[in-house]
Structures are given as C-alpha cells and as structure tokens.
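Survey of secondary and tertiary structure
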Amino acid sequence: MTTDNRNTLFSPLTLPTPDGTGLKLRNRTILSPMCQYSVDKMDGVATDWHLQHYGAIAAGGFGLLTVESTGVSPVGRISPRDLGMYSDEQEDAHRHLVSLIHSQGAAAAVQLNHAGGRASGKPWMPGSHGGSEPIEEGGWQTVGMTDQSIAKGYQPTTKLDKTGIKQIVSDFAEAAGRADAAGYDAIQIHAAHGYLLHQSLSPLTNTRTDEYGGNIENRARLICEVVDAVREVWPNSKPLGIRISATDWVEDGLDIETTARLMRELVKHHGINWVDVSSGGLVNTPLQPSGPGFHALLGAQMKQALADTDAIVSVVGGISSPEQAETMLRTHQVDAVSIGRAAMRNPHWPAMAAASLGVPREANPAAVQYWRAEW
Ligand SMILES: Cc1cc2nc3c(=O)[nH]c(=O)nc-3n(C[C@H](O)[C@H](O)[C@H](O)COP(=O)(O)O)c2cc1C
C-alpha cells in the first residue's frame, strides 16, 4: 500500500457520477444510516426529532449524512416508526430535512430499503427484544423471497411471485424519483443487514428455484434490477451508492470474493458509484466481529477489488478514534469512513476529530458559531 498525504480525513472527496460532474464532499466523514424509530404517527413522515438529530450532525461537520433506512413502500419499512418515501407528505418532510442538512454545509444521501421478511419489526426501545410487531399493534403481513420466517421471532412471509418482485423494483424507482425531487444528493440502496436485497442475494435465505434463486447470477438478479431501475430515474449528475454485507460470516453464506465480484459488476455495468462495506445481519453467528474498526479488512479488500474503477469505497464498523480513521485513509484502505454510534455519542465527531488531529481551525468543519469553543 502507498501513502499519500492528500488522502486524509479532512481532504475533500468527490463521489463520481456518470456525467462526470461528481458530488464534492467537504471531507471524508460520512454519517452511517441509523434508524431513529421516531416517526410519531406511523405514517413514514419525518418529525422534529429527525430535524434536530440530522441538523446537529450536519452542523458537527460531517461531509455526507446518510439518512436512515427509508421504506420504499409501507410493507418495506423495518418498523411502523420508520421513515418512508412513498407519499407526498413524506417527500415534503424529506425536502425540509435535506434543506436543513445543506444549510450546514453537508451533503445528503438517503438509504432506500425494503426490509422483506424483517419488515414490520418492533421499533427499538430500551428493553425491546426485536421480532415482529403483531398486526393488532400496527404490524403487517410481510413479503419475502420465500414463505419462511427470516429469523427467530419473525412471522412467516408471503412469498413474492414475479408480479410482486416487479412491484418491488418499481417501488424503488418511484422512491428514487421522490428522493431526487426532495433534493437528495445521493441514494444508498440497502443491500445489507438481512433485509430483502440481502435475503435475495444470500444462499442461506434464498431457496427459490425460479430465475430469482439458485446460482449467484439468479440471486443477484433482484439487486441488479433494482439498481438499473433506480439508475434510470436517478439523474446522471448524482452518485448512486449501495451498502453491502460483504460476508455472512457463515460457511456456505456470502463471502467477500462473491460480494466484491458483484460490486465490480454493479460499478462497471449498472451505474453504482459508491460502495459502503458492512457485514452480517442475516443469521446469528458467533463469528460476527466487533471492536475498533472491525470491518477495516473487508473495506480494504473491497477497495482492492474496485481499484481499477473510479468507485468510492467507504467502510463502517467501530470507527470512533480519529487516529484510526486517519490511518485507514492515509494507507488507502478505503476512501471514506462511515461513522454510526460515535456520531450519536457526539454529533460533533468531525469537529472533535479535526481538533485532535491538529487540523488548523480554518480547515475544521465546525460551525463558525462554535469556533469560540476552541476546537
Ligand atoms: C440505532 C441504530 C440504528 C441503525 N439503523 C441502521 C439503518 O437504518 N441502516 C443501516 O444500514 N444500518 C443501520 N445501523 C447500523 C449502523 O449504520 C452501523 O453500520 C453500525 O452501527 C456499525 O457502525 P458503528 O460501529 O459506527 O456504529 C443502525 C445501528 C444503530 C446503532
């Protein structure tokens, strides 16, 4: 690996776009999407909580905020308290959110998701144990690639027929059109963490025998169709991203070689510009790692696999030390870092990181109103 002083946490980064214009980020810190389970009326519409949460994080200096998992349809939401992108009212609330994020100098991406058999989940609350929200309490019948329950505590799904699959693809496209109209700069398609696109891709959960199941080409078909349909409506002046679980951490599940090959295909032939590397979430396994920078190696492997493309690779997982993030960039393991829980602990994580790395105050992305805090 080479070293390059320009590849640092606080150097700007351009996410490539098909038309060559690119989306310029002020630095390489990305807010990882994190469900807030804070929709009050179960209508998918962002609330004051979302405004203060994303507003504070934008003011804290992040280059790009990825707004949490947002359902492309009512049945695609992870829980009844998730955001949606399928009604005019939701679109208007997203427009307000995007304008707030932009006003603080950050770019805005939205994570579009269909949760499949993991939809209709219990919203996370202190002491909650996951599993399906019963229909009498606001849950709904879920749909998936098979009719099996996806995990312990989740209801059996209704198996999607081909018409149902086409509907999912067009739901993603319609949501992408709304995301564009709301002003988002980027989309991240959620193909990780055990939700529908991951359920389709992994041999552990996709036991179909039609053209959407079986070999890897068939299991990847739904993802390719979704990416193509989204790219069709998403402007060529805007980057399109995807979050992938690079491995299932289980023998016979997905591995980094398989997912890296798929990402190459999506970048080279389907208009993906940004790959965000995560892992697992489909089945419980003791092999799932944790700790500081626990996906760093997977991120570096993905970056290597995409080295001859212009795609940007970011990685998420246990990144909270500025020094560690800086080293990951300077050694070209990845192009950007996605920060999750550390941003909830400290929405001003980038401002803090810049100060601790000795970045001059003028180059610190802290809001000027806060300069007297002497970052
Ligand atoms: C409260 C919470 C909500 C999350 N919601 C999402 C989500 O909406 N979409 C997603 O891809 N990952 C989600 N995740 C996973 C995070 O984006 C991230 O991948 C994970 O927390 C590991 O990164 P970290 O160690 O920086 O937190 C969530 C995590 C937390 C803690």
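Before reading on, note that the structure itself is shown above.
To keep things clear, this report deals only with the structure shown in the data block. Source: prediction; values computed, not measured. (Residues numbered from 1 in each chain as written. Predicted model: local features only at pLDDT ≥ 70, side-chain atom pairs only at ≥ 80, totals over all residues. Heavy atoms only, no water.)

1. Points about the overall build of the protein chain
Helix and strand counts for the protein chain come out as 11 helices and 13 strands. Here the C-alpha radius of gyration of the protein chain, 19 Å, is about what a compact globule of 375 residues would show, namely 21 Å. For the protein chain, the spread of C-alpha atoms along the principal axes amounts to about 55 × 45 × 40 Å. When burial is assessed residue by residue, the protein chain has 59% of its 375 residues classed as buried. For the protein chain, contacts bridging at least 24 residues in sequence account for 70% of all contacts bridging at least 6. With an accessible surface of roughly 14,900 Å², the protein chain has 52% of that area assigned to carbon and sulfur atoms. Averaged over its 30 positive side-chain charges, the protein chain has a centre that lies 4 Å from the centre of its 40 negative ones. (Helix = DSSP H or I, 4+ residues; strand = E, 2+ residues; numbered from the N terminus. Rg over C-alpha atoms; globule rule 2.2 N^0.38 Å. Buried < 20%, exposed > 50% of the residue type's maximum accessible area, 1.4 Å probe, protein only. Contact = heavy atoms within 4.5 Å. Areas by Shrake-Rupley, 256 points an atom, 1.4 Å probe, with all protein chains shown as cover. Lys, Arg positive; Asp, Glu negative; His and termini not counted. Charge placed at Lys NZ, Arg CZ, Asp CG, Glu CD.)

2. Comments concerning the layout of surface pockets
Estimated volume of the largest pocket: approximately 1,400 Å³. Around the largest pocket sit 46 residues that line it, and Y37, W124, H193, Y195 and G281 are the ones nearest its centre. Per element, the largest residue contribution to the lining of the largest pocket is four residues, and it comes from helix α10 (residues 341-345). Looking at the lining of the largest pocket residue by residue, the class counts come to 18 nonpolar, 22 polar and six charged. (1 Å grid on protein atoms, 1.4 Å probe; cavity = no way out; pocket = protein on both sides within 12 Å on 5 of 7 lines; lining within 4 Å. Points joined across faces, edges and corners; volume = space filled by probe spheres on them. Nonpolar A, V, L, I, M, F, W, Y, C, P; charged D, E, K, R; others polar.)

3. Some remarks on the nonpolar core
Grouped together as the largest cluster of nonpolar side chains are 86 residues, with contacts concentrated most on Y184, I187, I189, I242, V275 and M302. The element that contributes the greatest number of residues to this core is helix α3 (residues 162-182), accounting for nine residues. Beyond its immediate sequence surroundings of up to four residues, I187 is in contact with V110, L112, A176, A179, V230, W234, P239, L240, G241 and W274. L64, W274, I312 and A336 belong to the second largest nonpolar core, which has 12 residues in total. (Core = buried A, V, L, I, M, F, W, Y, C linked by side-chain atoms within 4.5 Å.)

4. A look at α3
Between its first and last C-alpha, α3 extends 30 Å over 21 residues, near the 30 Å set by a 1.5 Å rise per residue. Among the residues of α3, those classed as buried are G164, I165, I168, V169, D171, F172, A173, A175, A176, R178, A179 and A182. Against α2 (88-103), β6 (107-113), β7 (143-144), β9 (186-191), α4 (196-201) and α6 (221-233) lie the buried residues of α3. Sitting at the head of α3, D161 places a side-chain oxygen 3.2 Å from the backbone nitrogen of T163. Immediately beyond the C-terminal end of α3, within one or two residues, lies G183, with a positive phi of roughly 100 degrees. (Expected span 1.5 Å × (residues − 1). Polar contact = N/O pair within 3.5 Å; in protein donor to acceptor, adjacent residues only side chain to side chain.)

5. Regarding the packing of aromatic side chains
Following the criterion strictly, the structure yields zero aromatic pairs and no others. The ring of Y154 carries R118 above its face, with NZ or CZ at 5.5 Å from the centroid. (Phe/Tyr/Trp six-rings, centres within 6.5 Å; stacked < 30°, edge-to-face > 60°. Lys NZ or Arg CZ within 6 Å of the ring centre and 35° of its normal.)

6. Description of the environment of G84
Topologically, G84 is positioned in strand β5 (residues 83-84). Separated by 250 residues in the primary sequence, G84 and V334 have C-alpha atoms spaced 31 Å apart. For G84, the contacting residues outside a window of four places in its chain are G44, T70, G71, Q90 and H94.

7. Considering the site of the ligand
Surveying the vicinity of the ligand reveals 16 residues, the closest of which are S32, P33, Q111, G318 and R341. Between the ligand and the protein, one listed contact pairs a nitrogen atom with a backbone N or O atom of C35 at 2.8 Å. In the environment of the ligand, a nitrogen atom lies 3.5 Å from a nitrogen or oxygen atom belonging to the side chain of H193. Expressed as a share of its isolated accessible area of 610 Å², the protein-covered part of the ligand is 81%. Among the cavities detected, the one that contains the ligand is the largest pocket. (Near = heavy atom within 4 Å. Sits in = over half its atoms within 2 Å of the grid points.)

8. So, the pairing of β6
Among the seven residues of β6, seven are classified as buried, and the element is accordingly described as predominantly covered. What you see with β6 is no split at all: A107, A109, Q111 and N113 on one side and A108, V110 and L112 on the other are buried throughout. Pairing analysis gives seven bridges linking strand β4 (residues 64-71) to β6, with the strands arranged parallel. Considered in β6, the bridge of S69 is made with Q111. (Pairing = 2+ DSSP bridges.)

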